[in-house]
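Now for the letters of each chain:
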Amino acid sequence: MKNQLFYGENLEILRKFIPDNSVDLIYIDPPFHSKRNYYLLENQVFTDIWKWNNISEIEFLEILENKNISNKTKNLLKNFENFLEKNNLFAYLVNLTLRISEMYRILKDSGSFYLHCDFSASHYLKLILDSIFGNQNFQNEIIWYYSAGVRGKKRWAKKHDTIFFYSKSQKWTFNWKNILEPFESKMTQWRYSQGKQQRKEIPQGKIPADVFEIQILNTMAKERNGYPTQKPEMLLEKIIKASSNEGETILDAYCGSGTTLVVAAKLNRNFIGIDNSETAIHVSQKRLTNAKVLHQTTKL
Ligand SMILES: C[S@@+](CC[C@H](N)C(=O)[O-])C[C@H]1O[C@@H](n2cnc3c(N)ncnc32)[C@H](O)[C@@H]1O
């Protein structure tokens with residue numbers, strides 16, 4: 001499957017088009033439960049306001065009856081129901097649990113999964129991911145720190161997002177040599193070898209820590225395309241370089257303006273992008289067509 005964009009509800013598209021164990025890396029940046037709508041100019045492009053409704057009821061039952069979903073996940077959700085009751089946050093968690101479970105199915109055993117979220121629901125999402133992937137496959141909680149933007153005076157300024165990184169098994173790709181960061185100074189490494197200290201130049205750099213300091217895209221940024229919540233290419237570059245190889249397939253099931261897809265193509269990976277917002281598909285199509293990398297767009 002080469003460089004595909006899908007317009008529609010991701011759960012249906014994953015079920016209809018994407019085979020089991022077929023994707024090497026999944027990065028998703030779904031709505032965060034921010035309790036607001038998002039606009040491009042005057043037009044609403046997607047909503048992040050959740051309500052417990054008939055669809056939540058059906059999806060909750062689907063989870064409880066789905067034989068591919070583990071009892072751990074089912075029990076966790078039943079406990080969330082007891083704790084939260086059928087409120088807006090629970091509606092959000094049910095929605096994501098069903099979709100992430102479907103992504104788990106299509107991820108290869110050697111694959112990696114990244115979920116981008118924030119304080120609004122990260123602590124609940126971590127438990128859901130532990131139940132789906134197994135706590136033993138939890139690799140990192142990455143903090144994306146940015147300093148720009150407004151700062152209120154009532155509490156500490158909220159200046160980070162959280163990205164959870166899981167593998168599907170104990171065998172996963174981590175290309176540390178491709179993501180080394182230069183040392184601040186011409187440091188040297190001292191090694192004790194053969195009975196004495198030996199001076200040794202460090203040729204490449206250091207392995208990045210789990211705090212990524214990358215600025216958010218301000219309105220003047222060159223890569224800015226106007227899509228609300230657009231993520232910087234540099235953030236995706238780090239993840240894709242580390243957790244995939246050339247020729248492999250990367251899925252973003254909430255692709256928005258197509259940042260993951262553009263970076264994947266630039267790094268010679270195949271991509272599958274899905275979004276149910278018409279505006280998102282237009283912006284992604286434009287970006288990918290300009291880069292001459294889009295093979296096909298499919299509408300559900
Ligand atoms: C936070 S944005 C992603 C932004 C993207 N990372 C970027 O850099 O432009 C989340 C996206 O998820 C999409 N979305 C939300 N629920 C969806 C669903 N069930 N199926 C497909 N897309 C969905 C929204 O339309 C929105 O574009």
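Residues numbered from 1 in each chain as written. Predicted model: local features only at pLDDT ≥ 70, side-chain atom pairs only at ≥ 80, totals over all residues. Heavy atoms only, no water.

Enquirer: Would you mind showing me how to read the overall build of the protein here?
Expert: Along the backbone of the protein there are 8 helices and 13 strands. Taken against the 2.2 N^0.38 rule, which gives 19 Å for 300 residues, the C-alpha radius of gyration of the protein at 20 Å falls within 12% of a compact globule. Taken over the C-alpha atoms alone, the protein extends approximately 70 × 50 × 45 Å along its principal axes. Expressed as a percentage of its 300 residues, the buried residues of the protein come to 49%. Once local pairs closer than 6 in sequence are excluded, the contacts in the protein between residues at least 24 apart make up 70%. Just so you have it, the protein exposes about 16200 Å², and 50% of that area is on carbon and sulfur atoms. Averaging the locations of the 41 positively and 32 negatively charged side chains of the protein gives two centres separated by 6 Å. (Helix = DSSP H or I, 4+ residues; strand = E, 2+ residues; numbered from the N terminus. Rg over C-alpha atoms; globule rule 2.2 N^0.38 Å. Buried < 20%, exposed > 50% of the residue type's maximum accessible area, 1.4 Å probe, protein only. Contact = heavy atoms within 4.5 Å. Areas by Shrake-Rupley, 256 points an atom, 1.4 Å probe, with all protein chains shown as cover. Lys, Arg positive; Asp, Glu negative; His and termini not counted. Charge placed at Lys NZ, Arg CZ, Asp CG, Glu CD.)

Enquirer: Please explain the layout of surface pockets as it appears in this structure.
Expert: One way to see where empty space is left: roll a probe the size of a water molecule over the atoms. Taken as a whole, the second largest pocket spans an internal volume of roughly 270 Å³. What lines the second largest pocket is a set of 13 residues, and nearest its centre among them are Asn 68, Ile 69, Ser 101, Tyr 104 and Arg 105. Elements with a minimum of two residues in the lining of the second largest pocket: helix H4 (88-106) and helix H5 (122-133). Top contributing element to the lining of the second largest pocket by residue count: H4, with 5 residues. Of the residues contributing to the lining of the second largest pocket, the split by class is 4 nonpolar, 6 polar and 3 charged. (1 Å grid on protein atoms, 1.4 Å probe; cavity = no way out; pocket = protein on both sides within 12 Å on 5 of 7 lines; lining within 4 Å. Points joined across faces, edges and corners; volume = space filled by probe spheres on them. Nonpolar A, V, L, I, M, F, W, Y, C, P; charged D, E, K, R; others polar.)

Enquirer: Help me understand the packing of helix H3 (residues 71-84) against H5, please; the structure alone is not making it clear to me.
Expert: A pair of packed helices is captured by two measures, namely the crossing angle of their axes and the spacing between those axes. At a minimum axis distance of 8 Å, the contact between H3 and H5 shows a crossing angle of 155 degrees. Between H3 and H5, the angle falls in the class roughly antiparallel. The hand of the H3/H5 crossing is right-handed. Within the contact between the two elements, H3 uses Lys 72, Thr 73, Leu 76, Leu 77, Phe 80, Phe 83 and Leu 84 and H5 uses Tyr 124, Leu 127, Ile 128, Ser 131 and Ile 132. Residues belonging to the contact of H3 with H5 are distributed by class as follows: 9 nonpolar, 2 polar and 1 charged. (Axes fitted to C-alpha atoms, helices over the stretch in contact; angles between N-to-C directions. Parallel < 35°, antiparallel > 145°, perpendicular 65-115°, else oblique. Left-handed = near helix turned anticlockwise from the far one by under 90°.)

Enquirer: Can you walk me through the pattern of salt bridges in this structure?
Expert: Think of it this way: side chains of opposite charge can pair up when their charged atoms draw near. The final tally for this structure, using the stated rule, is 14 salt bridges. A salt bridge links Glu 62 to Arg 15; its shortest N-O distance comes to 2.9 Å. Taken as a pair, Glu 62 in helix H2 (residues 54-65) and Arg 15 in helix H1 (residues 10-17) lie far apart in primary sequence, 47 residues in all. Classification of Glu 62 by relative accessible area gives partly exposed; the value is 28%. Accessibility expressed as a relative area gives 39% for Arg 15, which makes it partly exposed. One salt bridge in this structure joins Lys 266 and Glu 233, with 2.6 Å as the shortest N-O distance. (Salt bridge = Lys/Arg side-chain N within 4 Å of Asp/Glu carboxyl O.)

Enquirer: Explain the sheet that holds strand E2 (residues 23-28) to me, please; I cannot follow it from the model alone.
Expert: Note: strands within a sheet are paired through backbone hydrogen bonds, in either parallel or antiparallel orientation. In space, the 9 strands of this open sheet follow the order E10-E6-E7-E5-E2-E11-E12-E1-E13, with mixed pairing throughout. Looking at strand neighbours, the two that pair on one side only are strand E10 (211-213) and strand E13 (296-299), the edges of this open sheet. Going from strand to strand, the sheet's axes swing by 15 degrees on average, the running direction of each strand aside. Here strand E1 (residues 4-7) runs beside strand E12 (residues 270-275); their pairing, made up of 4 bridges, is parallel. (Pairing = 2+ DSSP bridges.)

Enquirer: Just checking my understanding: could you explain the site of the ligand for this structure?
Expert: Surrounding the ligand, one finds 20 residues, the nearest of these being Asp 29, Tyr 227, Ser 257, Thr 259 and Asp 275. Contact distances for the ligand include 2.6 Å between an oxygen atom and a side-chain N or O atom of Tyr 227. In the model, an oxygen atom of the ligand is placed 2.7 Å from a nitrogen or oxygen of the Thr 259 side chain. Residue composition of the shell around the ligand, by class: 6 nonpolar, 9 polar and 5 charged. (Near = heavy atom within 4 Å. Polar contact = N/O pair within 3.5 Å; in protein donor to acceptor, adjacent residues only side chain to side chain.)

Enquirer: Just to check I follow, could you spell out the environment of Lys 286 for this structure?
Expert: Relative to the helices and strands, Lys 286 resides in helix H8 (residues 278-290). Judged by its relative accessible area of 60%, Lys 286 falls in the exposed class. Placed 13 residues apart in sequence, Lys 286 and Lys 299 show a C-alpha to C-alpha distance of 16 Å.

Enquirer: Could you clarify how one ought to interpret the packing of H2 against H3 in this entry?
Expert: The contact between H2 and H3 brings their axes to 9 Å, and the two run at 145 degrees. The interaxial crossing formed by H2 with H3 has left-handed handedness. Residues Phe 60, Ile 63, Leu 64 and Glu 65 of H2 form the contact with H3, whose own contacting residues are Lys 74, Leu 77, Lys 78 and Glu 81.

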